[in-house]
Amino acid sequence: MARRAGGILRPRIPARIHLGVILRYNITQYNDTSRGTPMRNPFSPTAGFMPPQIVDRDRVLFDFETGLEDGPGAEERFMRVSGERGMGKTVLLQKMCAMAEERGWNTVLTEANEGCIDYIRDKLLSFISSPVASASLKLPVAEVTLAAEDATRVTLRRLLEIYYERGGAPLLLCVDEVQDSFTSEVREVVQGARARFGAGDEIAIVLAGLPDMIANARTARGLTFLHRAMGEDLGLLDLDRVRESYRQTFEEGGARVSMDALGLLAESTGGHPYLMQLLGRRLWRRWGGSPDPIGIEDVEAVLPEARRAFDDAVVDVVLGELTGRQRDYLEAVARRGGEASTREVAEDLGYTDADGSPATTKASAFRAALIQKGLLKPAGRGRVRLAVTLNWTRTPRSPSMSTQDTPAAPTGEDSGETPYDPSFEKAVLEDVRAWRAGKLETYSLEEVEEHLGLDR
Ligand SMILES: Nc1ncnc2c1ncn2[C@@H]1O[C@H](COP(=O)(O)OP(=O)(O)O)[C@@H](O)[C@H]1O
Ligand SMILES: [Mg+2]
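For the structure given in this document, a descriptive report is provided here. Keep in mind the model is a prediction, meaning the values are calculated, not measured.

A short note on the overall build of the protein
Part 1 of the reasoning: Within the protein one finds 19 helices and eight strands.
Part 2 of the reasoning: For the protein, the residues scored as buried account for 49% of the 456 residues in total.
Part 3 of the reasoning: In the protein, of all internal contacts separated by at least 6 residues, the share reaching a separation of at least 24 is 73%.
Part 4 of the reasoning: When the accessible area of the protein is evaluated, it comes to approximately 21300 Å², of which 49% is carbon and sulfur surface.

Here it is as structure tokens:
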């Protein structure tokens with residue numbers, strides 16, 4: 001593969017998303033335009049991609065905005081955003097950065113990983129030494145430029161101090177994917193920011209991660225400060241808002257959608273942002289610019305495929321991270337219709353006391369872990385219910401699942417899309433393996449087409 005230009009595989013792909021899905025979408029995106037659809041498909045079923053509308057997150061964004069405008073000391077200037085995978089944390093951070101930039105803030109958005117301190121450092125240096133910054137500081141560029149060697153020797157905390165000493169603009173630091181552990185990197189960012197809060201500087205920080213990141217913080221040394229952060233938990237979207245957003249987005253593209261189709265669409269998402277995008281994207285593609293209104297049968301035609309893609313991308317990943325017993329517990333609740341008493345679950349799982357009665361305490365650790373992960377919710381005395389309605393009874397595939405077996409072809413009517421072709425997925429996945437092994441960086445469109453035998 002000689003040509004790398006015009007690659008369609010983006011270089012920075014969030015580690016946890018199902019790569020096959022990304023590839024497929026990038027390819028279909030390309031197909032959409034080649035078919036001459038009047039308006040580009042606005043739906044964005046890819047992790048971290050901005051949706052046509054950010055639905056039902058006004059409250060969080062309002063809080064954030066309040067913090068920006070309220071000045072140093074506002075509690076909204078230190079937020080932690082939690083939410084299950086696909087709930088929209090990354091796009092929310094992007095939106096926050098855009099809002100801050102509109103107000104003249106400098107922003108840094110990074111994932112919590114080994115290189116993130118260097119990344120933040122580089123950004124800070126670029127802000128400090130940019131001609132714009134130096135103009136506003138009324139200093140010659142040479143004077144405000146910190147030599148690269150100096151920069152690597154100073155801690156982030158010190159660099160932040162220098163940034164403000166030199167009159168740097170208000171600064172927003174966003175750290176995404178904080179779930180795994182509170183690494184020394186995250187600690188360095190939080191402590192650096194903390195010192196600036198203490199000094200009354202114009203700084204805001206937002207950390208985002210899975211719901212259990214908060215629990216981890218409690219046990220992380222040196223991070224008790226995190227308790228002071230304002231917690232925002234991103235849950236499922238309100239279905240009325242989802243319906244209205246679908247209506248507007250399709251209308252803007254020139255499509256009319258019948259009332260019952262809109263109802264079914266919204267309901268089928270279960271309020272899940274990612275599924276909302278998956279479904280929207282497929283329906284848009286099926287509509288294809290036709291003057292006929294979109295009806296309920298169109299929604300029905302695209303549902304199975306969207307659902308399956310969703311299961312692939314989300315459910316398997318979540319299930320793959322649970323222990324066997326946690327999975328059993330979740331499944332038992334699902335089998336009881338999504339809500340059950342802890343006693344019923346204990347009974348189903350065969351946990352009994354010496355006298356043969358169901359032993360709820362034996363399962364309490366798994367229950368607590370699932371609640372902490374945001375997958376179960378307490379539902380009144382001794383009862384729990386599923387917090388996210390997903391297909392929990394599905395048998396998980398191995399973590400590299402999507403690379404192992406081939407899902408069944410979708411059933412139902414022809415959706416107007418290319419029929420699902422297992423060999424296509426296999427070919428894509430082979431390339432994903434190569435990509436993971438560092439043998440392949442990006443594809444050119446020609447390469448993908450050639451490789452997959454697609455017609456132009
Ligand atoms: N508020 C929202 N309304 C509609 N779609 C959303 C919203 N938030 C996220 N999405 C879509 O959901 C998917 C997941 O978003 P992302 O920010 O990557 O989630 P997370 O970072 O929590 O895993 C993306 O396809 C994105 O376009
Ligand atoms: Mg994300």
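As for the sheet that holds strand S6 (residues 339-341)
Part 1 of the reasoning: Within the open sheet, the three strands sit side by side as S6-S8-S7. Their pairing is antiparallel. Both edges of this open sheet fall to S6 and strand S7 (376-378), since each of them pairs with a single strand only. This sheet shows a mean twist of 25° between the axes of neighbouring strands, independent of strand direction.
Part 2 of the reasoning: Looking at chain direction, S7 and strand S8 (residues 383-386) are connected through three bridges and run antiparallel. Directly across from Pro-378, in S8, lies its bridge partner Val-384.
Part 3 of the reasoning: Where helix H15 (residues 324-335) meets the sheet, its contacts fall on S6, S7 and S8, and the angle it forms with S8 comes to roughly 90°.
Part 4 of the reasoning: Where helix H17 (residues 364-372) meets the sheet, its contacts fall on S7 and S8, and the angle it forms with S7 comes to roughly 105°.

Points about unusual backbone geometry
Part 1 of the reasoning: One non-glycine residue, Asp-56, lies in positive phi territory at about 60°.
Part 2 of the reasoning: Mapping Asp-56 onto the fold places it in the loop between helix H1 (19-34) and helix H2 (58-70).
Part 3 of the reasoning: Residue classification places Asp-56 among the partly exposed positions, given a relative accessible area of 23%.
Part 4 of the reasoning: Phi angles above zero are rare outside glycine, and Glu-177 is one such case at about 60°.
Part 5 of the reasoning: Residue Glu-177 is classed as partly exposed on the basis of its relative accessible area of 24%.

Let's talk about the site of ligand 1
Part 1 of the reasoning: Among the 24 residues in the neighbourhood of ligand 1, the closest are listed as Ser-44, Gly-48, Phe-49, Gly-86 and Lys-89.
Part 2 of the reasoning: A distance of 2.8 Å separates an oxygen atom of ligand 1 from a polar atom in the side chain of Thr-90.
Part 3 of the reasoning: Within the backbone of Val-91, a nitrogen or oxygen atom sits 2.9 Å from an oxygen atom of ligand 1.
Part 4 of the reasoning: Its free accessible area being 560 Å², ligand 1 has 96% of it covered by the protein chains.
Part 5 of the reasoning: Secondary-structure elements contributing two or more residues to the shell around ligand 1 are helix H3 (89-102) and helix H13 (273-287).
Part 6 of the reasoning: The biggest single contributor to the shell around ligand 1 is H13, with four residues.

Side note on the packing of aromatic side chains
Geometry of an aromatic ring pair is reported as the spacing of the ring centres plus the angle between the planes.
Part 1 of the reasoning: For the coordinates displayed, the defined rule picks out ten aromatic pairs.
Part 2 of the reasoning: For the ring pair Phe-78 and Phe-197, a centre distance of 5.9 Å and an interplane angle of 35° mean the geometry is tilted. In this pair, Phe-78 is assigned in strand S1 (residues 78-83) and Phe-197 in helix H9 (residues 184-198), connecting sequence segments 119 residues apart.
Part 3 of the reasoning: The interplanar angle of 35° and the centroid separation of 5.6 Å between the aromatic rings of Phe-250 and Trp-284 together place this pair among those described as tilted. Here the residue Phe-250 occupies a position in helix H11 (residues 239-252), and Trp-284 occupies one in helix H13, the gap between them amounting to 34 residues. There is no split in this pair, since Phe-250 and Trp-284 are both buried.
Part 4 of the reasoning: Through a chain of ring-to-ring contacts, the aromatic side chains of Phe-43, Tyr-246, Phe-250, Trp-284 and Trp-287 assemble into a single cluster.

Some thoughts on the sheet that holds strand S4 (residues 203-209)
Part 1 of the reasoning: Strands sit in the order S2-S3-S4-S1-S5 across an open sheet of five strands; the sheet is parallel. In the strand order of this sheet, the two ends are held by strand S2 (106-111) and strand S5 (230-234), each with one partner. Ignoring which end each strand starts from, the neighbouring axes of this sheet average 15° apart.
Part 2 of the reasoning: The strands touched by H3 are S1, S2, strand S3 (171-176), S4 and S5; relative to S3, the strand with the most contacts, the crossing angle is about 170°.
Part 3 of the reasoning: Against the sheet, H9 touches S1, S3 and S4, its axis set at about 150° to S4.

Details of the packing of H2 against H3
Helix packing geometry: the angle between the two helix axes and the distance between the axes.
Part 1 of the reasoning: H3 packs onto H2 with a crossing angle of 35° between their chain directions and a minimal axis gap of 11 Å. Crossing geometry of H2 relative to H3 is assigned as right-handed. Residues Val-60, Leu-61, Phe-64, Glu-65 and Leu-68 of H2 form the contact with H3, whose own contacting residues are Leu-92, Lys-95, Met-96, Met-99 and Ala-100.
Part 2 of the reasoning: Across the contact of H2 with H3, the residue classes tally to eight nonpolar, no polar and two charged.

Focus: the environment of Glu-188
Part 1 of the reasoning: By the secondary structure assignment, Glu-188 is in helix H9.
Part 2 of the reasoning: Note: C-alpha distance between Glu-188 and Thr-155 (33 residues apart in sequence) is 8.5 Å.
Part 3 of the reasoning: The residues touching Glu-188, leaving out its near neighbours within four places in the chain, are Ile-117, Thr-155 and Leu-156.

Calculation rules
Residue indices begin from 1 for each chain and proceed along its sequence in written order. Lettering of chains starts at A and numbering of ligands starts at 1, both following the order in which they are written. Only residues with pLDDT of at least 70 get local features here, since the model is predicted, and only at 80 or more are side-chain atom pairs given and counted; chain-wide, interface and lining totals rely on the full set of residues. In computing side-chain properties, one takes all heavy atoms of the structure into account and sets aside hydrogens as well as water. A run of H or I in DSSP counts as a helix once it spans at least four residues, and a run of E counts as a strand once it spans at least two, with each numbered from the N terminus. Think of it in three bands: with a 1.4 Å probe and only protein chains considered, a residue is buried below 20% of the maximum accessible area for its type, exposed above 50%, and partly exposed in between. By definition, residues are in contact when any of their heavy atoms lie within 4.5 Å. Surface accessibility follows the Shrake-Rupley procedure with a 1.4 Å probe radius. Residue values consider only the protein chains on display as shielding. Paired strands, in this sense, are two strands between which DSSP finds at least two bridges. Every angle, taken between N-to-C directions, lies between 0 and 180 degrees, and every axis is a line fitted to C-alpha atoms, over only the stretch in contact when it is a helix. Throughout this document, a residue counts as near a molecule or strand when at least one of its heavy atoms sits within 4 Å of that molecule or strand. Each polar contact in these results corresponds to two N or O atoms within 3.5 Å; when the atoms are within protein, one needs to be able to donate a hydrogen and the other to accept it, and residues that are neighboring in sequence are counted only if both atoms are side-chain atoms. Aromatic pairs are defined between Phe, Tyr and Trp rings, using the six-membered ring for Trp, whenever the two ring centres lie within 6.5 Å; interplanar angles under 30 degrees are classed as stacked, those over 60 as edge-to-face, and all others as tilted. Left-handed describes a crossing whose near helix is turned anticlockwise from the far helix through less than a right angle; right-handed describes the clockwise counterpart. Under the grouping applied here, Gly and all other residues not named as nonpolar or charged are polar, the nonpolar ones being Ala, Val, Leu, Ile, Met, Phe, Trp, Tyr, Cys and Pro and the charged ones Asp, Glu, Lys and Arg.

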